[in-house]
6 protein chains.
Amino acid sequence: MRILLLNPNTTASMTEKAAAAARRVASAGTEIVARNPARGPASIEGYYDEAMSLAGMLDVIRTTPDVDAVVIACFDDTGLDAARCLTDKPVVGIGEAAYHMASLISNKFSVVTTLARSVPALEHNLHKYGLASRCARVRSSEVAVLELEEPGSNACQRISDEIGRAVAEDRAEAIVLGCAGMTDLADQLAATHGLPVLDGVSCAVTMCESMVRLRLRTSRLGGYAPVPAHKLAPA
Amino acid sequence: MRILLLNPNTTASMTEKAAAAARRVASAGTEIVARNPARGPASIEGYYDEAMSLAGMLDVIRTTPDVDAVVIACFDDTGLDAARCLTDKPVVGIGEAAYHMASLISNKFSVVTTLARSVPALEHNLHKYGLASRCARVRSSEVAVLELEEPGSNACQRISDEIGRAVAEDRAEAIVLGCAGMTDLADQLAATHGLPVLDGVSCAVTMCESMVRLRLRTSRLGGYAPVPAHKLAPA
Amino acid sequence: MRILLLNPNTTASMTEKAAAAARRVASAGTEIVARNPARGPASIEGYYDEAMSLAGMLDVIRTTPDVDAVVIACFDDTGLDAARCLTDKPVVGIGEAAYHMASLISNKFSVVTTLARSVPALEHNLHKYGLASRCARVRSSEVAVLELEEPGSNACQRISDEIGRAVAEDRAEAIVLGCAGMTDLADQLAATHGLPVLDGVSCAVTMCESMVRLRLRTSRLGGYAPVPAHKLAPA
Amino acid sequence: MRILLLNPNTTASMTEKAAAAARRVASAGTEIVARNPARGPASIEGYYDEAMSLAGMLDVIRTTPDVDAVVIACFDDTGLDAARCLTDKPVVGIGEAAYHMASLISNKFSVVTTLARSVPALEHNLHKYGLASRCARVRSSEVAVLELEEPGSNACQRISDEIGRAVAEDRAEAIVLGCAGMTDLADQLAATHGLPVLDGVSCAVTMCESMVRLRLRTSRLGGYAPVPAHKLAPA
Amino acid sequence: MRILLLNPNTTASMTEKAAAAARRVASAGTEIVARNPARGPASIEGYYDEAMSLAGMLDVIRTTPDVDAVVIACFDDTGLDAARCLTDKPVVGIGEAAYHMASLISNKFSVVTTLARSVPALEHNLHKYGLASRCARVRSSEVAVLELEEPGSNACQRISDEIGRAVAEDRAEAIVLGCAGMTDLADQLAATHGLPVLDGVSCAVTMCESMVRLRLRTSRLGGYAPVPAHKLAPA
Amino acid sequence: MRILLLNPNTTASMTEKAAAAARRVASAGTEIVARNPARGPASIEGYYDEAMSLAGMLDVIRTTPDVDAVVIACFDDTGLDAARCLTDKPVVGIGEAAYHMASLISNKFSVVTTLARSVPALEHNLHKYGLASRCARVRSSEVAVLELEEPGSNACQRISDEIGRAVAEDRAEAIVLGCAGMTDLADQLAATHGLPVLDGVSCAVTMCESMVRLRLRTSRLGGYAPVPAHKLAPA
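Residues numbered from 1 in each chain as written. Chains lettered and ligands numbered in written order. Predicted model: local features only at pLDDT ≥ 70, side-chain atom pairs only at ≥ 80, totals over all residues. Heavy atoms only, no water.

As recorded in an unreviewed UniProt entry, chain A goes by the name Aspartate/glutamate racemase family protein, listed as coming from Paragemmobacter amnigenus. Listed in UniProt under the heading Sequence similarities (unreviewed entry), the comment for chain A reads: "Belongs to the HyuE racemase family." (UniProt positions renumbered as here; feature names shortened; annotations may be inferred.)

So this is what it looks like as structure tokens:
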């Protein structure tokens, strides 16, 4: 099985970090094909970056046909619905994957993401998915995405502090880390705080494996009807 | 006052039709600046077209700075949130404008749009805006967007039939027409069915005029925080 | 165009203050006809005052036929639904107008109103309109309505303090002022806090102008069916 | 114990019918004091009638102090919130009483009321009370309130037909009769359709008895804070 | 009339305390038949205890046929839905009874229960009943159920402190005590805090009396369809 | 890896059918340990059966310690919350597994279950999980659970007919089969209707495998706090 791990931003170090996380949890027979668009935003922080990354990331899907499933490795699940119109192979966003998984091991979870500007988009996603009632609060740590790539930053400590507040104030039973760049912090934070801390990349990879094994494909009726051929011609 | 009427698809005849509707309702001192992107989908029918039109439509906003407000003339309010990060001038989508206006003259309204594939995106918008409880049902007439541009099609009759069903089955008190291309049908359909039929283009134009006159601007706190300068460089 | 600006309480100074706000934003050709009932509560603070003002305010509408639209200038939108059964001309409450406008320029807003006793009625309205999900919190400043008419009170400071809390605690991106008597404070508070502060009177006036220009009228189907003639006879 | 049975409309025959229903279920020591306002609408069908009956009905409460609880015998629970500010004695509307009781004996109920124009007000009440999720649908039988007072009308048959549709289409497990004038039809309709059919008058009377016995009084904090004395002076 | 007061746990002192509370409010002609299962958990604190008490408590219902109604005297309304399939006599949980009653005397209430582990189950119940929007917050006092049976514990003070926080932080207008073992504290706490404090046992008993007097029985359609005879054979 | 496939009813043929479905999708290294309680209901159809099966099924979990995860193979997710208090190993219900998976491949799905009496419990689950907004409708086929075990019944045809109605009336984009006994029908029904048809058993097995591989465990904070040792003694 081959899974396209698609980082919608152009920062190769984040693509590699996510790919490493994916490979740690993938089954023996699964190959992780890690890609990011050549052009577009270097980080996705809010509505505008999300919009500007879409053409590039959909192009990666179109030009990487030889895979069995797609993981969208940005926590706002960039382009998820559009991607599902482009292919009926399973497409899973790391945000939704983490929300669904967290719902199976806690009554309520909180999300700790990067900047305040990203919070409303995540709240909209939670409402769209139906899981808003399971999320106590979406919190921002005010750690910028690219700070997570800088060795020596105190990003982890600030995220940890925010988790502490989520447990005390939100009565959160689990924490979802709200950025693909936080993927390597999950185990340590779980140990520190004594509750499950979920990383969306690893959740999404195993969900894709499940869906491929179950031969589940995106419905072609209604909102995910396939894009007509004449609209798929290169722009 | 100058209002950018931005059709996110590339079909110039639709841009012109929407501009004509806008000019019919605009105040004496308002100039309608009608634009559409040079490249992108010819019609927006569902998630994929929406995604593929974003870069182009945001580029039009960036390169048309000398306006006081922006109307996004596609009923799925393409790129609305991203546009609000790009400028603090009022940005109003024709979908949201019609939903808000319909909420002021009816207890419940139904939407009659084009294809079934567009319905879930509109339902998500209604939930995001908070107005889902005011909408009895989003209905598709199975009239494709570009059919509305063809003289002699029976599109108007099929839309009218769907309105009849909305009144009978949904107990709708008003109808929102779910496509910028239907803008010229509203008066006739209102007369036929004896209830308000709202066209989003005219609603959005007058709302923008109001907001400019009230000097209301999009908040710069939270989700619509301005895009950092280095991210605005041409892609 | 003539717009009836109807203050449902009997305090003429509030009627005048609201009329002045209305005239500041009205278009050149719009005449503001300001009225209040002769008898009834001097201020509307909670459910009981609202109920006791209804007969008087509906009587003003009945006896002021020569207008094109009606603005109900009390923030709890007193008698809004009943007024829409009495006439099919646009009727807009200042509460709903501000909520709808705030939804176009922020992801979430908070309301700062007068007394705690008024909060549940406003929360019910937000739910009825569908916009509760857009409102972070309805806050009371514990400033009584008539204090706002007293020169030299510290009412403005207390309202400003509450706005500060709304930004800090609710993550509000905009503020709606929850009383017609606060209409003259909006600009100053917006400047102080650096976010949009909306006054319902001016929002409602421009919305009415839009609706008149668009020839939108309240639906006669369902809940706003016209009152039968025999029920309109003077009581 | 004395319970004020307050019919907010001026039709004495309806007051008597409701009083008879109340007396049938009242405990031995309970006296039913039946009243209606001297002036106001003869029937309450929709928002306008409701508004016009408020001053009269609140006046009855003010001038009938020697009771232990108040039943508001109109299915739209006219003036319920205002009445609770006027007295801390239990005040129960027949609509809410029936909804609460129906929630204790069914997973979902439907309401069968009089005219379509009354439906949105009832839907708003259900949302306000929180019980909208328990109500499958509010249905109108198109039987006017005063038809229920006419011997020989086919009103009962039309209501029965609507109940049949509620069972078949809504999967309703119980029926709430949506008008005080239907109070005498409940037993027969329950027998015909083989499911519980609830009349709000009898539900409200026994609930008031319970609350008096439990010495429960309306909270004086927040929205039901008592009306200040100077506002209670006769208008 | 005979009402089965069924304590689902095996602690006889709690059964007696609840029975005493029931007898204080019951009508002259009502006999309270107090029972608890012989085997099962000694206290019900969370999902597991609830599950383990079900067979025992349903067995008490099956073997106590000669009653007119059933009160389930555990605040999580243990086995409520199952009991309604077993008999069409009124079955009322003390949690739901208190929530419904509190909705009649306040705009919003808060619940003060025992341990944090019980909170999610109560929140689920509130959602199921439809009354979640009426509840400001479910709070735990961290008083274990059996502490309430210990003379000299400071349980009442800790519950009182939590009520203070509910008033200050939640703007609660009434308090629901979230455990059958708190039934004797209600009056004192109401006096201390100056707002209604509801005990579910007394609410449920009077509701059952009402339902018996009204001859209301659980619907046999849909979810409460009677259990087939062959499934009622002793296990 | 060993997964306990726990059928909460006592019908061994259903246990075997579910085990066969589980083994078809399990990974090479996964052993399926299929169990059902020795005593309890032979089928779970509604609230009462669910309650009566709980002690038995929790006993199976307690006495089968040597597994890595638990699948509860009844579509109402019998005892799910209680099981999560008993062990921190992943516990997944087949209902929730199918709902979560269906949310990843469709905008809206419908459920087709057995009897009408089971519908409300499933609707409650959907609300509790947060996924009610993703489910268009829960439909009953009026096929009893044990009919699915009878060779030669027309159960499959009736289920297929109901799926046809779900597509036509609900605009469902995917179908969830609402009974563990339907597990062998999914592929055929998907082919017939041209949309995804999900079987919860296979969804739950692969989800458990994912969770074990990710080392995700149920949170021990809040509602799933571990059962105290003294409450785990044999009853």
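Structure shown, so let's carry the discussion forward.
Participant: Honestly, the overall build of chain A in this entry has me stumped. Any pointers?
Facilitator: A tally of regular secondary structure across chain A gives eight helices and eight strands. For chain A, the C-alpha radius of gyration of 17 Å lies close to 18 Å, the compact-globule estimate for 235 residues. Seen through its principal axes, chain A has C-alpha atoms that stretch 55 × 35 × 35 Å. Here chain A holds 235 residues, and 66% of them are scored as buried. Of the contacts formed within chain A by residues at least 6 apart in sequence, a portion of 71% connects residues at least 24 apart. Carbon together with sulfur atoms contributes 51% to the accessible area of chain A, which is approximately 7,400 Å² in total. (Helix = DSSP H or I, 4+ residues; strand = E, 2+ residues; numbered from the N terminus. Rg over C-alpha atoms; globule rule 2.2 N^0.38 Å. Buried < 20%, exposed > 50% of the residue type's maximum accessible area, 1.4 Å probe, protein only. Contact = heavy atoms within 4.5 Å. Areas by Shrake-Rupley, 256 points an atom, 1.4 Å probe, with all protein chains shown as cover.)

Participant: Looking at this structure, I do not really get the interface of chain D and chain B. What am I missing?
Facilitator: Interface size is often expressed as the accessible area that is lost when the parts come together. At the junction of the two partners, chain D supplies seven residues and chain B supplies four residues. Buried area between chain D and chain B, both sides added, is near 370 Å², and the carbon and sulfur share of it is 34%. Joining chain D to chain B, the criterion identifies one salt bridge. Between D:Glu123 and B:Arg171 there is a salt bridge, and its shortest N-O distance comes to 3.8 Å. Taken together, the connections running from chain D to chain B amount to two residue pairs in polar contact (both at pLDDT 80 or more). (Buried area = accessible area lost by both parts, 1.4 Å probe. Salt bridge = Lys/Arg side-chain N within 4 Å of Asp/Glu carboxyl O. Polar contact = N/O pair within 3.5 Å; in protein donor to acceptor, adjacent residues only side chain to side chain.)

Participant: How do you make sense of the relation of the copies chain D and chain B when you look at a structure like this?
Facilitator: Mapping one chain copy onto the other needs a rotation about an axis and a shift along that axis. For the pair chain D and chain B, the relating rotation is 120°, the translation along its axis is 0.0 Å, and the fit reaches an RMSD of 0.0 Å. Taken together, the rotation and translation describe the operation of a three-fold axis. (Least-squares fit on C-alpha atoms with pLDDT ≥ 70 in both.)

Participant: What am I meant to see in the interface of chain A and chain F here?
Facilitator: At the interface, 45 residues of chain A touch 45 residues of chain F. Of the roughly 3,500 Å² buried at the junction of chain A and chain F (both faces included), carbon and sulfur atoms supply 60%. On the chain A side of the interface with chain F, the three residues burying the most area are A:Leu104, A:Ile105 and A:Arg213, jointly 19% of the side's total. Viewed at the interface, chain F and chain A are joined by four salt bridges. A salt bridge links F:Arg215 to A:Asp187; the nearest nitrogen and oxygen atoms lie 3.9 Å apart. Taken together, the links from chain A to chain F amount to 20 residue pairs in polar contact (both at pLDDT 80 or more). Of all the elements in the fold, those that place two or more residues in the side of chain A that touches chain F are α4 (94-103), α5 (119-129) and α8 (200-213) of chain A.

Participant: Sorry, what's going on with the domain arrangement of chain A here?
Facilitator: Residues and elements named next belong to chain A. Partitioning chain A into structural domains gives domain 1 (2-94 + 202-226) and domain 2 (96-200). The C-alpha centroid of domain 2 is placed 20 Å from the C-alpha centroid of domain 1. Each side of the interface is counted separately: domain 1 has 28 residues, and domain 2 has 33 residues. For the pair domain 1 and domain 2, the summed buried surface comes to about 2,400 Å²; carbon and sulfur atoms form 59% of the total. Considering only the side of domain 1, the residues that lose the most area to domain 2 are Lys17, Glu45 and Phe75, jointly responsible for 31% of the buried surface there. At the junction of domain 1 and domain 2, the tally comes to four salt bridges. (Domains from an automatic or database assignment.)

Participant: When you look at the pairing of strand β1 (residues 2-6) of chain D in this model, what are you seeing that I'm missing?
Facilitator: Successive residues of a regular strand alternate their side chains across the two faces of the sheet. Residues and elements named next belong to chain D. Counting buried residues along β1, four of its five residues qualify, which places the element largely inside the surrounding structure. Pairing geometry for β1 and strand β2 (residues 31-35), over five bridges, is parallel. Paired with leucine 6 across the strands is arginine 35, a residue of β2. In this sheet, strand β3 (residues 69-72) lies alongside β1 in parallel orientation, the contact comprising four bridges. Within β3, the position partnered with leucine 4 by the bridge is valine 70. (Pairing = 2+ DSSP bridges.)

Participant: Explanation requested: the packing of aromatic side chains in the structure shown.
Facilitator: Counted under the stated rule, the structure contains 24 aromatic pairs over all chains. Every member of this aromatic cluster is reached through a ring pair, and the members are A:Phe75, A:Tyr99, A:Phe109 and A:Tyr129. (Phe/Tyr/Trp six-rings, centres within 6.5 Å; stacked < 30°, edge-to-face > 60°.)

Participant: Is there a simple way to think about the sheet that holds strand β7 (residues 174-178) of chain C in this case?
Facilitator: Whether parallel or antiparallel, the strands of a sheet pair through hydrogen bonds between backbone atoms. All names here are of chain C. Across the sheet, which stays open at both edges, the four strands sit in the order β6-β5-β7-β8 with parallel pairing between neighbours. Here the strands that pair on one side only, and so sit at the sheet edges, are β6 (135-140) and β8 (197-198). The sheet contact formed by strand β5 (residues 109-113) and β7 spans five bridges and is parallel. Directly across from serine 110, in β7, lies its bridge partner isoleucine 175. Contacting β5 and β6, helix α5 (residues 119-129) crosses the sheet at an angle of about 160° to β6. (Axes fitted to C-alpha atoms, helices over the stretch in contact; angles between N-to-C directions.)

Participant: Help me understand the relation of the copies chain A and chain F, please; the structure alone is not making it clear to me.
Facilitator: Expressed as a screw transformation, the operator carrying chain A onto chain F has a rotation angle of 180° and an axial translation of 0.0 Å, and the superposed copies differ by an RMSD of 0.0 Å. On this basis, the relationship between the two copies can be described by a two-fold rotation axis. Measuring from the rotation axis to each C-alpha of chain A, the shortest distance belongs to A:Gly130, at 2.8 Å. When the interface residues of chain A are mapped onto chain F, 100% of them again fall at the interface, so both copies present the same face.

Participant: I would appreciate a short explanation of the sheet that holds strand β2 (residues 31-35) of chain A in the present structure.
Facilitator: Residues and elements named next belong to chain A. Taken in spatial order, the four strands of this open sheet run β2-β1-β3-β4, and their pairing is parallel. With one partner strand each, in any of the chains shown, β2 and β4 (91-93) form the two edges of the open sheet. Going across the sheet, the axis of each strand differs from the next one's by a mean of 20°, ignoring polarity. Sitting on the sheet, helix α1 (residues 12-25) touches β1 (2-6) and β2, and the angle it makes with β2 is about 165°.

Participant: Mind showing me how you'd approach the pairing of strand β5 (residues 109-113) of chain F here?
Facilitator: Residues and elements named next belong to chain F. Within β5, five of the five residues are buried, which leaves the element mostly enclosed by the surrounding structure. Along β5, one buried face is formed by Phe109, Val111 and Thr113 and the opposite face, lined by Ser110 and Val112, is buried too. Note that β5 and strand β6 (residues 135-140) share five bridges and pair parallel. Each residue of the ladder has a partner; that of phenylalanine 109, found in β6, is cysteine 135.

Participant: Is there a simple way to explain the nonpolar core in this structure?
Facilitator: It is characteristic of soluble globular proteins that their nonpolar side chains tend to be buried jointly. Ranked by internal contacts, the top residues of the largest apolar core, which has 530 residues, are A:Leu5, B:Leu5, C:Leu5, D:Leu5, E:Leu5 and F:Leu5. The contacts of C:Leu5, once residues within four sequence positions are left out, are C:Thr15, C:Ala18, C:Ala19, C:Ala22, C:Ile32, C:Val33, C:Ala34, C:Arg35, C:Val71, C:Ala73, C:Val201 and C:Val205. (Core = buried A, V, L, I, M, F, W, Y, C linked by side-chain atoms within 4.5 Å.)

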